[in-house]
Amino acid sequence: MVFSSLTFLFFFLPITLAFNLILPPKARNYWLLLASLVFYAWGAHEFVFVMIVSILMNYVLARLIDRSDSERFRRGILAVAVAGNLGILLYNKYMNFFTANLNRIFGDSVAVTNIILPIGISFFTFQALSYVIDVYRKDTPVQKNPYYLGLYIAFFPQLIAGPIVRYRTIADQIENRTVTVEKFTSGVRRFCCGFAMKILLANQLSVVADAAFDLAGTPQELSTAFAWLGGLAYSLQILFDFSGYSSMAIGLGRMFGFEFSENFDYPYLSKTITEFWRRWHMSLGQWFRDYVYFPLGGSRVDSKWKLIRNLFVVWILTGVWHGAAWVYVGWGLGYFLLLSFEKLTNLPKRKMNRAAETAYRIFTLFCVMMGWVAFRSEGLRMAKNYLFSMLRLAGNALCDSNAVRYANDYKILFLIAAVCCTPVFVRLKDWIEKKWNAKTVMDFVTDLGAVALMIVSVSYLVMGGNNPFIYFNF
């Protein structure tokens, strides 16, 4: 089940919300856990067992860590937890990749596996792992109720594609939360905006991106102009697809009384690659920072080689986390090189004149788009073909009818998407509120706009304008 489906909107969500309001507070966590398991099982019933195993394993291991005063025993149980969680992830997500590559090396001597990837396994595994690590570090109290821990790991709003929630940030909310009219209304508004981002922007931009990338197999037929248009379309598509999901998750959380951290902060306004990754998928970046980068020493190490090592480890893992394919390894290596350059040259902190800042901002967006081209490609060969077409190195035309037609047909959509990459609407609303003291009026206008967007989005959905969320693959 996905948020952008009629079943979720008009069946699952109303029933879940209604029972959450009717039931006494002490019963709501158990209801939400049951609803979350049903939500997951709706489209992936064969994988519910994997999630339940993860919940029970991490519950038992965290309790063992909490009960023991022996540091050696605690460290040993932590090692078991790390191995267990990563083992589940490695087997389900990477075993096909391992066996395929071993057969390339040893000539089909290894049995080929065909394991279907459980949806959202990377997200709920990282949440479970962060909980056990935080209990070991004594950064968060252990949860003694297994059902409450199950709710933290399986809660349906952020289960499939994040944001990655830390247990310590919602520990108190699990046991003590209230649903106010203001919070519920804010949640509905946020959900409507995220839904519109997915249906009206991401889904429509995918038409242009798919048309361009479908020609990557024959790069000489993909003109340079259309390749750039397709790369731009996908860069915008993945932003509104993923940030739209995160907005819906945050909105749904508020409807049930939870507050989740933001996951995006207008990343395409970034001046540097470093800043981009502080604004894009912030919960993942913070996870790798706190559980990998800082334990290795971070940037406060006694040599540049150790700094490079730390960045290498983080970005190889980041690439692999996104998918079991060499193209993701290459994507991670590309960001490793770019971020190493910025760290070693101290570029993000170095003062530059306005012309240099503008040039580097353009360079940053260029690198991000090149990265998304690789990310969208089905393999290294396809990524190379597409990039060659963009740079007109494939014997392709500079422009063709495809580029002209799609640019003309979707020019308004690209313009709206570009504006939505900025906080212009938020700042305009704040400016009007302050200038004319019209907060109540602007809140009403915002709510009316959110409802209008939702109606238009649902009409598109009824007409068949739906496609899966990109990050469901991870």
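Values in this document were obtained by computation on a predicted structure and should not be read as measured data.

Engineer: Looking at this structure, how should I read the overall build of the protein?
Structural biologist: Along its length, the protein carries 20 helices and zero strands. Expected size for 474 residues packed as a compact globule is a radius of gyration near 23 Å; at 23 Å, the protein falls within 12% of this value. Here the C-alpha coordinates of the protein stretch approximately 65 × 65 × 50 Å along the principal axes. When burial is assessed residue by residue, the protein has 52% of its 474 residues classed as buried. Summed over all atoms, the accessible surface of the protein reaches about 22500 Å², with 65% contributed by carbon and sulfur.

Engineer: Which parts of the structure should I look at to understand the packing of aromatic side chains?
Structural biologist: For any pair of aromatic rings, the description consists of the separation of the ring centres together with the inter-plane angle of the planes. Per the counting criterion, the structure on display carries 58 aromatic pairs. Grouping aromatic residues by their ring pairs yields a cluster made of Phe3, Phe8, Phe12, Phe39, Phe155, Phe156, Phe191, Phe195, Tyr245, Phe256, Phe258 and Phe260. Its end group placed over the ring of Trp321, Lys93 keeps NZ or CZ at 5.3 Å from the ring centre. Note that Lys384 overlies the ring of Phe388, its terminal NZ or CZ placed 5.6 Å from the centroid.

Engineer: Sorry, what's going on with the packing of helix α2 (residues 25–44) against helix α6 (residues 146–154) here?
Structural biologist: To characterise two packed helices, one gives the angle between the axes of the helices and the distance between these axes. Contact geometry for α2 and α6: axes closest at 9 Å, N-to-C directions at 45°. With respect to each other, α2 and α6 are oriented oblique. Considering how the two elements wind past one another, α2 and α6 form a crossing that is left-handed. Only Tyr147, Tyr148, Gly150, Leu151 and Ala154 of α6 make contact with α2, whose side of the interface consists of Lys26, Asn29, Tyr30, Leu32, Leu33, Ser36 and Leu37.

Engineer: Honestly, the packing of helix α19 (residues 424–436) against helix α20 (residues 439–462) in this entry has me stumped. Any pointers?
Structural biologist: In the contact formed by α19 and α20, the axes pass within 8 Å of each other and the chain directions differ by 150°. The angle between α19 and α20 falls in the class roughly antiparallel. Counted together, Lys429, Ile432 and Glu433 of α19 and Lys439, Met442, Asp443 and Thr446 of α20 form the full contact between these two elements. When grouped by side-chain class, the residues that make up the contact of α19 with α20 number two nonpolar, one polar and four charged.

Engineer: What is the right way to read the environment of Leu9 from this model?
Structural biologist: Tracing the backbone shows Leu9 in helix α1 (residues 6–22). The exposure class of Leu9 is buried, given its relative accessible area of 10%. When the C-alpha atoms of Leu9 and Leu461 are compared, they prove to be 11 Å apart, with 452 residues separating the residues in sequence. Discounting residues that sit within four places of it in the chain, Leu9 has contacts with Phe3, Pro14, Phe191, Phe195, Met454, Val458 and Leu461.

Engineer: Explain the side chain of Arg28 here, please?
Structural biologist: Note that Arg28 resides in helix α2. It turns out Arg28 is buried and unbridged, and the closest side chain with the opposite charge, Asp172, is 14 Å from it. In this view, Arg28 contacts Asn20, Leu21, Leu23 and Arg177; residues no more than four positions away in its chain are not counted.

Engineer: Whenever I open this one, α19 confuses me. Can you help?
Structural biologist: The α-helix advances 3.6 residues per turn, and as a result positions three or four apart in sequence lie on the same side. End to end, α19 covers 18 Å across 13 residues, agreeing with the expected 18 Å (1.5 Å per residue, within 8%). Among the residues making up α19, those that are buried are Lys429, Ile432 and Glu433. The arc that holds every buried residue of α19, seen down its axis, measures 100°, which confines them to one face. Structural note: α19 exposes Arg427, Lys434 and Lys435 on the side pointing more than 90 degrees away from its buried face. Looking at the buried positions of α19, the neighbouring elements they touch are α20.

Engineer: Which parts of the structure should I look at to understand the environment of Ser246?
Structural biologist: In this fold, Ser246 is placed in helix α10 (residues 224–255). Relative accessible area serves as the criterion here: at 3%, Ser246 is assigned to the buried category. As for Ser246 and Asn263, which are separated by 17 residues in sequence, their C-alpha atoms are 6.5 Å apart. Other than its neighbours up to four places away in sequence, Ser246 contacts Asn263 and Phe264.

Engineer: Whenever I open this one, unusual backbone geometry confuses me. Can you help?
Structural biologist: If a residue is not glycine, its phi is most likely negative; likewise, a peptide bond is most likely trans. Even without a glycine there, the phi angle at Arg392 is positive, about 55°. A positive phi angle, near 50°, is found at Asn437, a position not held by glycine. With respect to the helices and strands, Asn437 occurs in the loop between α19 and α20.

Engineer: Where do I start with the environment of Ile199 in this structure?
Structural biologist: Within the secondary structure layout, Ile199 lies in helix α9 (residues 181–213). Each C-alpha atom of the pair Ile199 and Ser4 lies 7.6 Å from the other, and the pair is 195 residues apart in sequence.

Engineer: Looking at this model, I keep getting lost on helix α18 (residues 411–420). Mind explaining?
Structural biologist: Every buried residue belonging to α18 is among Leu413, Phe414 and Ala417, and all of these are buried. The buried residues of α18 occupy an angular sector of 100° when the element is viewed end-on, so they sit on one face. Turned more than 90 degrees off the buried face of α18, the exposed positions are Ile412 and Leu415. Contacts from the buried residues of α18 go to α9 and α10.

Engineer: I keep staring at the pattern of salt bridges and nothing clicks. Help me out?
Structural biologist: Two side chains with opposite charge may pair up if their charged atoms get near one another. On inspection of all chains with the given rule, the structure shows 15 salt bridges. Residues Arg75 and Glu71 are paired through a salt bridge, measuring 3.7 Å at the closest nitrogen-oxygen approach. Taken together, the positions of Arg75 and Glu71, both in helix α4 (residues 71–106) and four residues apart, correspond to about one turn of that helix. Among the salt bridges present, the one from Asp134 reaches Arg168, with a minimum N-O distance of 2.6 Å. With Asp134 in helix α5 (residues 121–137) and Arg168 in helix α8 (residues 167–175), the pair connects residues that are 34 residues apart, well separated along the chain. When its relative accessible area of 0% is taken as the criterion, Asp134 is described as buried. Classification of Arg168 by relative accessible area gives partly exposed; the value is 36%. Beyond isolated ion pairs, a larger network of salt bridges with shared partners links Lys429, Glu433, Lys439 and Asp443.

Here is what the cut-offs are and how they apply
- Residues numbered from 1 in each chain as written.
- Predicted model: local features only at pLDDT ≥ 70, side-chain atom pairs only at ≥ 80, totals over all residues.
- Heavy atoms only, no water.
- Helix = DSSP H or I, 4+ residues; strand = E, 2+ residues; numbered from the N terminus.
- Rg over C-alpha atoms; globule rule 2.2 N^0.38 Å.
- Buried < 20%, exposed > 50% of the residue type's maximum accessible area, 1.4 Å probe, protein only.
- Areas by Shrake-Rupley, 256 points an atom, 1.4 Å probe, with all protein chains shown as cover.
- Phe/Tyr/Trp six-rings, centres within 6.5 Å; stacked < 30°, edge-to-face > 60°.
- Lys NZ or Arg CZ within 6 Å of the ring centre and 35° of its normal.
- Axes fitted to C-alpha atoms, helices over the stretch in contact; angles between N-to-C directions.
- Parallel < 35°, antiparallel > 145°, perpendicular 65-115°, else oblique.
- Left-handed = near helix turned anticlockwise from the far one by under 90°.
- Contact = heavy atoms within 4.5 Å.
- Nonpolar A, V, L, I, M, F, W, Y, C, P; charged D, E, K, R; others polar.
- Lys, Arg positive; Asp, Glu negative; His and termini not counted.
- Salt bridge = Lys/Arg side-chain N within 4 Å of Asp/Glu carboxyl O.
- Expected span 1.5 Å × (residues − 1).
- Arc of directions from axis to C-beta.

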